[in-house]
Amino acid sequence: MAVISARDEHGTMAFLEQYDLVKYFDVIVTGLSAAHTKPYPDPVLLAAQKMNVAPQNCLMIGDTTVDIRAGRSAGAQTVGVLCGFGEEAELKKMGADMILKDTTKLLDILN
């Protein structure tokens with residue numbers, strides 16, 4: 001799994017370390033890792049490259065329209081989650097392949 005954050009490296013790592021999440025991710029892409037950040041596809045493409053996975057085989061999960069735009073622009077599948085900042089109507093309008101109430105519902109679709 002990878003994290004793609006618009007935050008800088010310090011902010012991203014501080015968040016992940018605070019919640020003991022670093023160990024769950026093989027790749028961490030921050031706002032300064034790629035030439036452009038979300039909503040551009042660059043960070044998604046970089047994460048896919050670092051994981052040696054084709055972008056179309058990636059699932060971009062996000063709570064904002066910029067997450068969905070970045071994923072779609074990179075050719076990834078996209079899931080909007082409603083446990084953050086985004087609203088269902090705007091995530092659907094942006095073209096999310098699926099909308100879930102929260103991230104715990106991912107277990108249902110990934111099994």
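See the structure printed just above.
In this report, the structure presented in the accompanying data block is examined.

Core analysis: the biggest nonpolar cluster contains 13 residues, and Ile4, Val29, Val44, Ala47, Met60 and Ala76 have the highest contact counts within it. Breaking this core down by element, the ones donating at least two residues are strand E2 (27-29), helix H2 (42-51) and helix H3 (65-74). Looking at this core element by element, the count peaks at four residues for H2. With sequence-adjacent residues up to four places away left out, alanine 76 is seen in contact with Val44, Pro55, Gln56, Cys58, Met60, Gly71 and Asp97.

What follows is about unusual backbone geometry. In this chain, lysine 38 is followed by proline 39 through a cis amide linkage whose omega measures 20°. The phi dihedral of aspartate 20 falls on the positive side, at around 55°, and the residue is not glycine. Structurally, aspartate 20 is set in the loop between helix H1 (9-18) and E2. According to the relative accessible area criterion, aspartate 20 is partly exposed, its value standing at 47%. The phi dihedral of asparagine 52 is positive, around 60°, even though this residue is not glycine. For asparagine 52, the position within the fold is in the loop between H2 and strand E3 (59-62). Among the residues examined, asparagine 52 registers a relative accessible area of 72% and is labelled exposed.

Reading the values: rules and limits
- Residues numbered from 1 in each chain as written.
- Predicted model: local features only at pLDDT ≥ 70, side-chain atom pairs only at ≥ 80, totals over all residues.
- Heavy atoms only, no water.
- Core = buried A, V, L, I, M, F, W, Y, C linked by side-chain atoms within 4.5 Å.
- Buried < 20%, exposed > 50% of the residue type's maximum accessible area, 1.4 Å probe, protein only.
- Helix = DSSP H or I, 4+ residues; strand = E, 2+ residues; numbered from the N terminus.
- Contact = heavy atoms within 4.5 Å.

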